[in-house]
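Letter by letter, the chains look like this.
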Amino acid sequence: MKQNAERLLVFGFVGTMLFFALLFFILPHQRFSELENRYLQGAPRLTWDDVLSKKYAEEVERFVTDHFPFRDKWLWLKSATEKGRLQQENNDIYQGKDGYLFDKFTEPDNTKVQQDINAVKQFAYKHPKVNMTFLLAPTSIGLYPERLPWLAPTYPQKKVNQLIEGQLHNDLTFINGFDFLEPHATETIYYRTDHHWTTYGAYLAYVAYAKQMGWEPLSQSDFLIKNVSNSFLGSYHTRSQFTNVTPDQIQAYIPRKQVKTEMYIADSNQTFTTMYDTSFLKKKDQYSYFLGGVHALMKLTTKLDPQQIEQQKLLVIKDSYAHNVIPFLTNHIPEIHVIDLRYYNGNITQYMNENGIEDVLLLFNTTTFVEDTAISKINK
């Protein structure tokens with residue numbers, strides 16, 4: 001009797017694994033997860049370099065995890081279970097003070113961080129005549145560790161930013177986000193429910209970059225500041241599913257002295273006459289109101305008064321923290337090229353040469369820079 005029960009258990013386990021394996025290959029794989037509000041890992045490419053560097057194995061693991069059958073349902077079940085246990089952490093999201101949700105940040109892999117730093121160093125070395133700036137922004141957990149739940153473990157992002165700055169400041173211009181954000185820490189510079197900074201946080205980044213470049217930044221009074229949403233529940237809320245969370249507001253800074261910007265999306269070969277896609281304000285991913293979300297390659301062309309022009313061209317290599325910063329830059333630069341390394345697979349050096357790029361802004365948040373593998377593609 002005992003042997004029959006053990007056999008049944010083994011056959012049941014193996015059958016379940018085979019069933020889910022079959023579903024994995026049969027069911028369509030999504031590119032974007034509405035529940036997690038992020039793009040999922042695509043099918044990895046098999047190359048000797050990626051195999052030897054273990055990158056292929058890591059991408060395979062992420063691919064299987066991201067596309068596991070009924071992943072959204074499992075995440076919801078996990079969230080519901082942990083909420084029932086009254087936990088202050090759910091799916092690696094902490095429920096902090098003052099209504100803030102925080103993504104868990106642990107000590108990064110030093111080897112990977114060093115590889116990322118070396119990739120940026122090599123990129124700067126390859127372009128000695130290019131005016132290159134690296135702006136590294138902390139996420140909310142980096143600026144507000146005191147708002148975490150009691151005894152919640154975290155690693156100081158300030159220490160990470162200082163390490164990166166210490167190794168890069170001789171190779172390019174480095175702007176540490178802590179320097180211009182900390183004086184405004186009591187203001188609303190991050191969304192409470194999302195991993196991005198607010199439009200005001202982006203404005204502070206724009207001011208810091210403008211001053212570094214020797215420009216006169218526009219003051220807040222030069223913009224009409226309006227709320228475009230009062231119902232934004234961002235990526236942290238989506239992952240955690242915490243209840244009784246107050247939605248965030250999304251603001252748009254519209255220049256009082258209007259400028260016309262055309263936005264060309266190379267991915268879809270489409271041109272738009274606005275940098276804001278209001279259709280996203282009716283969806284879960286409201287932050288994609290800025291620039292219409294994530295794209296591999298974009299070009300923004302603005303008709304500026306010659307007296308407004310500070311430089312002719314700029315290439316922005318970025319993560320999504322740049323999306324609400326770039327509209328500010330269009331008030332000074334008539335031609336802005338935008339590359340997201342997570343989705344762009346072209347040769348950046350060749351692109352710069354073909355388009356006469358002499359100024360580059362690398363803009364990343366600390367978490368993306370130390371965790372995402374895409375930065376290695378910068379020297380492709």
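Everything that follows concerns the structure shown earlier in this document.
Rules behind the numbers
- Residues numbered from 1 in each chain as written.
- Predicted model: local features only at pLDDT ≥ 70, side-chain atom pairs only at ≥ 80, totals over all residues.
- Heavy atoms only, no water.
- Helix = DSSP H or I, 4+ residues; strand = E, 2+ residues; numbered from the N terminus.
- Buried < 20%, exposed > 50% of the residue type's maximum accessible area, 1.4 Å probe, protein only.
- Contact = heavy atoms within 4.5 Å.
- Expected span 1.5 Å × (residues − 1).
- Arc of directions from axis to C-beta.
- Polar contact = N/O pair within 3.5 Å; in protein donor to acceptor, adjacent residues only side chain to side chain.
- Core = buried A, V, L, I, M, F, W, Y, C linked by side-chain atoms within 4.5 Å.
- Salt bridge = Lys/Arg side-chain N within 4 Å of Asp/Glu carboxyl O.
- Pairing = 2+ DSSP bridges.
- Phe/Tyr/Trp six-rings, centres within 6.5 Å; stacked < 30°, edge-to-face > 60°.
- Lys NZ or Arg CZ within 6 Å of the ring centre and 35° of its normal.
- Axes fitted to C-alpha atoms, helices over the stretch in contact; angles between N-to-C directions.
- Left-handed = near helix turned anticlockwise from the far one by under 90°.
- Nonpolar A, V, L, I, M, F, W, Y, C, P; charged D, E, K, R; others polar.

## Comments concerning the overall build of the chain
Thought 1: Looking only at helices and strands, one finds 13 helices and 15 strands in the chain.
Thought 2: Going through the 380 residues of the chain one by one, you find that 51% of them count as buried.
Thought 3: Counting contacts in the chain only where the partners sit at least 6 residues apart, residues at least 24 apart contribute 71% of the total.

## Focus on helix α7 (residues 157-168)
Thought 1: Across its 12 residues, α7 extends 16 Å between first and last C-alpha, which sits within 8% of the 16 Å expected from 1.5 Å per residue.
Thought 2: Every buried residue of α7 is accounted for by Gln157, Val160, Asn161, Ile164 and Leu168. One side of α7 carries all its buried residues, which in axial view fall inside an arc of 95°.

## Regarding unusual backbone geometry
Thought 1: The backbone phi angle of Leu151 is positive, close to 65°, even though this residue is not glycine.
Thought 2: Mapped onto the fold, Leu151 is located in the loop between α6 (140-143) and α7.
Thought 3: Of note, Leu291 is a non-glycine position whose phi angle comes to about 65°, a positive value.
Thought 4: Judged by relative accessible area, which is 0%, Leu291 ranks as buried.

## Remarks on helix α12 (residues 348-355)
Thought 1: Within α12, the full set of buried residues consists of Ile348, Thr349, Tyr351, Met352 and Asn355. Down the axis of α12, the sector holding all buried residues measures 160°, keeping them to one side. Looking at α12, the residues exposed on the side facing more than 90 degrees away from the buried face are Asn353 and Glu354.
Thought 2: Close packing links the buried residues of α12 with α5 (110-126), β12 (297-303), β13 (313-318), β14 (335-340) and β15 (359-365).
Thought 3: Residue Asn347 occupies the N-cap position of α12, its side-chain oxygen lying 3.1 Å from the main-chain nitrogen of Thr349.
Thought 4: Downstream of α12 by one or two residues, Gly356 has phi in the positive range, about 60°.

## Looking at the nonpolar core
Thought 1: Phe134, Ile164, Trp197, Ile317, Ile348 and Val360 are the most contacted members of the largest nonpolar core, which has 96 residues in total.
Thought 2: Looking at this core element by element, the count peaks at 11 residues for helix α9 (residues 199-213).
Thought 3: In terms of nonpolar packing, the next biggest core, distinct from the first, is built from 5 residues, Leu101, Tyr236, Phe242 and Val245 among them.

## Things to note about the pattern of salt bridges
Thought 1: A full pass over the atoms with the stated rule returns 11 salt bridges.
Thought 2: In this structure, Glu182 and Lys158 form a salt bridge, with 2.7 Å as the shortest nitrogen-oxygen distance. Here Glu182, found in the loop between α8 (177-181) and α9, pairs with Lys158, found in helix α7; they are 24 residues apart in sequence, far enough to count as distant.
Thought 3: Since its relative accessible area comes to 37%, Glu182 is described here as partly exposed.
Thought 4: Owing to a relative accessible area of 32%, Lys158 belongs among the partly exposed residues under this scheme.
Thought 5: The salt bridge involving Asp340 is made with Lys318; its shortest N-O contact spans 3.0 Å.

## Structural notes on the sheet that holds strand β4 (residues 93-95)
Thought 1: Strand order across the open sheet formed by 3 strands is β3-β4-β5, with antiparallel pairing between neighbours. With one partner strand each, in any of the chains shown, β3 (89-90) and β5 (101-103) form the two edges of the open sheet.
Thought 2: Bridge analysis of β4 against β5 gives 3 bridges, and the strand direction is antiparallel. Across the sheet, residue Tyr94 finds its bridge partner in β5, namely Phe102.

## Describing the packing of aromatic side chains
Thought 1: Under the definition given, this model contains 24 aromatic pairs.
Thought 2: Their ring planes at 10° and their centres at 5.5 Å tell us that Phe134 and Phe174 sit as a pair that is stacked. Taken together, the residues span a long stretch of sequence, with Phe134 in strand β6 (residues 131-137) and Phe174 in strand β7 (residues 173-176) at a distance of 40 residues.
Thought 3: Since its relative accessible area comes to 0%, Phe134 is described here as buried.
Thought 4: Judged by its relative accessible area of 11%, Phe174 falls in the buried class.
Thought 5: One residue, Arg147, lies across the ring of Tyr144, its end atom 4.1 Å from the ring centre.
Thought 6: In this arrangement the basic side chain of Lys283 is found over the ring face of Phe280, its NZ or CZ atom lying 4.5 Å from the centre.

## Some remarks on the packing of α5 against α7
Thought 1: Following both chains from N to C, one finds α5 and α7 inclined at 35°, their axes separated by 10 Å at the closest point. In this structure, α5 meets α7 at a crossing whose hand is right-handed. Residue-level contacts link Val113, Gln114, Ile117, Val120 and Lys121 of α5 to Leu163, Ile164, Gln167 and Leu168 of α7.
Thought 2: Of the residues in the contact of α5 with α7, the class split is 6 nonpolar, 2 polar and 1 charged.

## A short note on the side chain of Thr193
Thought 1: Considering the arrangement of structural elements, one finds Thr193 in the loop between α8 and α9.
Thought 2: What makes Thr193 buried here is its relative accessible area of 0%.
Thought 3: Polar contacts involving the side chain of Thr193 include one to the main-chain carbonyl oxygen of Phe232, which spans 3.5 Å.
Thought 4: A distance of 2.8 Å separates the side chain of Thr193 from the side chain of Asp248, its partner in a polar contact.

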